[in-house]
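Notes for the structure review
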Amino acid sequence: MGDTALLVQVSDIGEVLALEARLATLVRRGEGVWASVDDLVPAARTVLLVSRPGADLGALGTAVRDVARTLDADMRTLDEDKRTLDADMRTVEIHVRYDGPDLDEVARLVGLTPRQVVAAHTGTSWQVGFGGFAPGFAYLVGGDPRLEVPRRAEPRTRVPAGAVGLAGQFSGIYPRESPGGWQLLGTTDAPLWDPDRDPPALLTPGTTVQFVDVAARS
């Protein structure tokens, strides 16, 4: 990652979220080596630390390893860090028309009825773990574990903007028309990416997302 960044690899998204929550607390405090960190970028199995030019990456790497070793041994403090971060984060409601072409197939795969799939998708809040794939696309984690499904065997060449889908343990929303292989549950009109907005992405890492069934409100 060049001479101003470190890429930390862990085993899964759970460890990413735990490590990123602890590092974010330390970076916000800005003490010692953490004062040199400008940004943290989580991904599916990595956390990127972007530092200022001239930072001691060796010392920073040692500090990151020390933090990683304490995660399992000190989960109580980690939970306190996460609660502090959650208090600073916002919740975004995403209104969805559950009319997706894969709703029935998802129901078959997970052994639920389509109505139960919708209830599961809306019944648990999700959290933005990280962004990627396209500007404004957020990988959402922490939903109902019953909804874990594989990607489609044959990806679509065109998925419409606003399509809400599932893939593996993630849920996500396509911010623009593009190819894609996620299982599509429905559509939303939420503006996920606006270059004139600050920040441009509606869903940023740490944001809580609550899906709402528009049919249930009509």
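This text goes with the structure placed above it.
Now for a quick tour of the structure. Since the structure is predicted, the reported quantities are computational estimates derived from the model, not experimental observations.

A word on the overall build of the protein
- The secondary structure content of the protein amounts to six helices and twelve strands.
- A globule of 218 residues ought to have a C-alpha radius of gyration of about 17 Å, and the protein, at 19 Å, matches this closely.
- Reported as C-alpha extents along the three principal axes, the dimensions of the protein are approximately 55 × 35 × 35 Å.
- Put simply, 64% of the contacts in the protein that link residues at least 6 apart link residues at least 24 apart.
- For the protein, the accessible surface area stands at approximately 11200 Å², while carbon and sulfur atoms represent 51% of it.
- The positive charge centre, built from 22 side chains, and the negative charge centre, built from 30, are 3 Å apart in the protein.

Some words on the pattern of salt bridges
- Taken as a whole and judged by the stated rule, the model has eight salt bridges.
- Arginine 69 is paired through a salt bridge with aspartate 66; the nearest N and O atoms lie 2.4 Å apart. With arginine 69 and aspartate 66 both in helix H2 (residues 57-70) and three residues apart, the pair spans about one turn of that helix.
- Classification of aspartate 66 as partly exposed rests on a relative accessible area of 36%.
- Its salt-bridge partner being arginine 108, residue glutamate 105 comes within 2.6 Å of it at the nearest N-O pair. Placement of both glutamate 105 and arginine 108 in helix H4 (residues 103-110) is noted, with a separation of three residues, approximately one turn of the helix.

So, H4
- Among the residues of H4, Leu103, Val106, Ala107 and Val110 are the ones counted as buried. Down the axis of H4, the sector holding all buried residues measures 100°, keeping them to one side. Opposite the buried face of H4, at more than 90 degrees from it, the exposed residues are Asp104 and Arg108.
- Here the buried face of H4 lies against helix H5 (114-123), strand E8 (163-167) and strand E11 (183-188).

Focus: the nonpolar core
- With 31 residues, the main nonpolar core has Leu19, Leu23, Trp34 and Leu49 as its most contacted residues.
- Those elements that place two or more of their residues in this core are strand E1 (5-9), helix H1 (13-29), strand E2 (37-42), strand E3 (46-51), H2, strand E6 (138-141) and E8.
- Here this core takes seven residues from H1, the largest share from any one element.
- Core analysis: the next-biggest nonpolar cluster, separate from the first, contains 27 residues, Val110, Val118, Leu166 and Val209 among them.

As for the environment of phenylalanine 137
- Within the element layout of this structure, phenylalanine 137 appears in the loop between strand E5 (126-131) and E6.
- Among the residues examined, phenylalanine 137 registers a relative accessible area of 3% and is labelled buried.
- Here the alpha-carbon distance between phenylalanine 137 and proline 175, two residues 38 residues apart in the chain, equals 5.9 Å.
- Among all residues touching phenylalanine 137, those that are not within four sequence positions of it are Phe130, Gly131, Gly132, Gly172, Ile173, Tyr174, Pro175 and Trp182.

Observations concerning the packing of H1 against H2
- At a closest axis distance of 10 Å, the pairing of H1 and H2 adopts a crossing angle of 125°. Put simply, H1 runs oblique to H2. In the crossing of H1 with H2, the sense of the turn from one axis to the other is right-handed. Here Leu19, Arg22, Leu23 and Leu26 of H1 lie close against H2, whose contacting residues are Val67, Ala68 and Thr70.
- Residue composition of the contact of H1 with H2, grouped by class: five nonpolar, one polar and one charged.

Things to note about the environment of arginine 146
- Assignment of secondary structure puts arginine 146 in the loop between E6 and strand E7 (156-159).
- Assessed through its relative accessible area of 45%, arginine 146 is described here as partly exposed.
- In sequence terms arginine 146 and valine 117 are 29 residues apart; their C-alpha atoms lie 8.8 Å from each other.

Let's talk about the packing of aromatic side chains
- Within this structure, the stated rule accounts for ten aromatic pairs.
- Their ring planes at 80° and their centres at 5.2 Å tell us that phenylalanine 133 and phenylalanine 137 sit as a pair that is edge-to-face.
- Where phenylalanine 133 meets tyrosine 174, the ring centres are 5.9 Å apart and the plane angle is 90°; that geometry is what we call edge-to-face. Linking phenylalanine 133 in the loop between E5 and E6 with tyrosine 174 in the loop between strand E9 (170-173) and strand E10 (178-180), this pair joins segments that are 41 residues apart in sequence.
- What links up through ring pairs into an aromatic cluster is the set Phe130, Phe133, Phe137, Tyr139, Phe170, Tyr174 and Trp182.

Cut-offs and rules
- Residues numbered from 1 in each chain as written.
- Predicted model: local features only at pLDDT ≥ 70, side-chain atom pairs only at ≥ 80, totals over all residues.
- Heavy atoms only, no water.
- Helix = DSSP H or I, 4+ residues; strand = E, 2+ residues; numbered from the N terminus.
- Rg over C-alpha atoms; globule rule 2.2 N^0.38 Å.
- Contact = heavy atoms within 4.5 Å.
- Areas by Shrake-Rupley, 256 points an atom, 1.4 Å probe, with all protein chains shown as cover.
- Lys, Arg positive; Asp, Glu negative; His and termini not counted.
- Charge placed at Lys NZ, Arg CZ, Asp CG, Glu CD.
- Salt bridge = Lys/Arg side-chain N within 4 Å of Asp/Glu carboxyl O.
- Buried < 20%, exposed > 50% of the residue type's maximum accessible area, 1.4 Å probe, protein only.
- Arc of directions from axis to C-beta.
- Core = buried A, V, L, I, M, F, W, Y, C linked by side-chain atoms within 4.5 Å.
- Axes fitted to C-alpha atoms, helices over the stretch in contact; angles between N-to-C directions.
- Parallel < 35°, antiparallel > 145°, perpendicular 65-115°, else oblique.
- Left-handed = near helix turned anticlockwise from the far one by under 90°.
- Nonpolar A, V, L, I, M, F, W, Y, C, P; charged D, E, K, R; others polar.
- Phe/Tyr/Trp six-rings, centres within 6.5 Å; stacked < 30°, edge-to-face > 60°.

None of this, on its own, says anything about what the molecule does.
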